[in-house]
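# Observations on the model geometry
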Amino acid sequence: MNYVYAFLFSGIVCALGQIILDNTKLTPGHITSLFTVAGALLSFLGCYDYFVAQCGAGATLLISNFGHMLYSAAYQGYLEEGILGIFSGMFTKSSLAITAVIIFSFIFAIIFKPKD
Amino acid sequence: MEKEEYKKLVKKISPAENKLKNIIVAFLMGGAVALIGEFIVCGLMTIFGLSRVDAGGWLVLIVIFVACLLTALNFFDNWVMRCKCGLIIPTTGFAHSVASSALDYRNDGLITGLGSNFFKLAGSVILYGVISAFILVIVRVIIGG
C-alpha cells in the first residue's frame, strides 16, 4: 500500500503545481518557493509527519519536505536550547540536501563542459 | 536578445499547450519519481539493513547525485520542459536549478560566475523556507509556550 500512497501523494502534489503553473503567471521559481512555504505550514499544522509516515518517499522527495525539515529542525532546536536553538538548529536536518547539492553541482560544473 | 523579444519568440514557436495533458504528465512523472524513490528506500532497508530515516537520507543523496549528473549531461533540460512540475516539485528540481546555473555561469569565472550565481534559482527556496520556518516557530512558541 505504501507504494500506492507514495505514487498518489507525489502525483497529486505535482499535478496541483502544474495547474497553478498553467493557469497563473507564476514561474517555476514561484512554484517551488510556494510549495516550500506550504510544506513548512503543513509541518506547523502537524500534518506533514503523518504524510511522511503514510507515503514515505512520496512525501520526503518533494520540495515541501525541505520546508518541513526547516520548521521541525528549528522547533526541535527551540525545545532543546531555547531561542538560540532556533538559529543554530534551523539547518540540522536539511543540511544533507544542501551540502549534497553544493558538492555534486560544483564537481559536475568543473568536470563537464557547459552547454553551447 | 531582449526579454520582450524573447517572450514573443517563445509564444510564437511554442504550440498551444494542452493543459489537461500537462496535468496528467506531471501527475504520472511526479508519481513515478516517488515510486522509484520508495523502491530504492525499501531496497536499501532490506539489502543494507538501514533504518527508514537513514535510507531516506541515502535516497536524497542518490536522487540529487543523479539529477546533477543528468543535468550536466544535458538530458534533464528536455525532460523538465516536457514534464514540468512532475520534475520541478520533487527534489530533482532543486538539484537541477543549482546544477544548471552552475554550468551556465561557469564560463564567467569561478568567483564572479560560478560562485555568485550558484544559488541564483534555488536561493528563493532557501530564503523563503527559512523565513517561513522562523516565523512559524515564533508563532508556535507564542501559542504553545
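Residues numbered from 1 in each chain as written. Chains lettered and ligands numbered in written order. Predicted model: local features only at pLDDT ≥ 70, side-chain atom pairs only at ≥ 80, totals over all residues. Heavy atoms only, no water.

## Let's talk about the pattern of salt bridges
All names here are of chain B. Across all of its chains, the model carries one salt bridge over all chains by this definition. Taking the shortest distance from any N to any O, the salt bridge between E38 and R52 comes out at 2.9 Å. Taken together, the residues span a long stretch of sequence, with E38 in helix α2 (residues 19-48) and R52 in helix α3 (residues 52-72) at a distance of 14 residues. Given the relative accessible area of 0%, E38 is considered buried. Of the residues examined, R52 reaches a relative accessible area of 34% and is grouped as partly exposed. (Salt bridge = Lys/Arg side-chain N within 4 Å of Asp/Glu carboxyl O. Helix = DSSP H or I, 4+ residues; strand = E, 2+ residues; numbered from the N terminus. Buried < 20%, exposed > 50% of the residue type's maximum accessible area, 1.4 Å probe, protein only.)

## Details of the interface of chain A and chain B
Counting residues at the interface gives 62 residues for chain A and 69 residues for chain B. Carbon and sulfur atoms make up 79% of the area that chain A and chain B hide from each other, which totals about 5800 Å². Joining chain A to chain B, the criterion identifies zero salt bridges. Between chain A and chain B we count twelve residue pairs in polar contact (both at pLDDT 80 or more) in total. When residues of the side of chain A that touches chain B are traced back to their parent elements, those giving at least two are α1 (2-23), α2 (28-45), α4 (57-60), α5 (64-81), α6 (83-89) and α7 (95-111) of chain A. The element contributing the most residues to the side of chain A that touches chain B is α1 of chain A, with 17 residues. Here the side of chain A that touches chain B is built from residues that sort into 46 nonpolar, 14 polar and two charged. (Contact = heavy atoms within 4.5 Å. Buried area = accessible area lost by both parts, 1.4 Å probe. Polar contact = N/O pair within 3.5 Å; in protein donor to acceptor, adjacent residues only side chain to side chain. Nonpolar A, V, L, I, M, F, W, Y, C, P; charged D, E, K, R; others polar.)

## Things to note about the side chain of N65 of chain A
The topology assignment puts N65 of chain A in helix α5. Aside from chain neighbours lying at most four places away, what touches N65 of chain A is Y48, V52, A59 and T60 of chain A.

## Focus on a nonpolar patch on the surface
Taken together, the side chains of I102, I103, F106, I107, I110 and I111 of chain A together with L110 and I111 of chain B present a nonpolar region at the surface, about 750 Å² in accessible area. For the nonpolar patch, the secondary structure elements donating two or more residues are α7 of chain A together with α7 (110-117) of chain B. In terms of residue count, α7 of chain A provides more of the nonpolar patch than any other element does, six residues in total. Relative to the helices and strands, I110 of chain A is located in helix α7. The class of I110 of chain A is partly exposed, set by a relative accessible area of 39%. (Patch = residues over 30% accessible without salt bridge, like charges linked within 9 Å, V, L, I, M, F, W, Y side chains within 5 Å. Areas by Shrake-Rupley, 256 points an atom, 1.4 Å probe, with all protein chains shown as cover.)

## As for the packing of aromatic side chains
Applying the stated criterion across every chain, the model contains 16 aromatic pairs over all chains. A centroid spacing of 6.4 Å and a plane angle of 25° characterise the contact between Y75 of chain A and Y78 of chain A, whose relative ring orientation is stacked. Taken together, the residues Y75 of chain A and Y78 of chain A, both in helix α5 and three residues apart, mark about one turn of the helix. On the basis of relative accessibility, which here comes to 16%, the residue Y75 of chain A falls in the buried class. Taking 5.6 Å as the distance between ring centres and 55° as the angle between the ring planes, the aromatic pair formed by F108 of chain A and F65 of chain B counts as tilted. A residue pair is termed interchain when its members come from two chains, as with F108 of chain A in helix α7 and F65 of chain B in helix α3. Under the relative-accessibility criterion, F65 of chain B is labelled partly exposed at 36%. Three or more aromatic residues joined by ring pairs make a cluster, and in this case those are F9, Y48, Y50 and F51 of chain A. (Phe/Tyr/Trp six-rings, centres within 6.5 Å; stacked < 30°, edge-to-face > 60°.)

None of this, on its own, says anything about what the molecule does.
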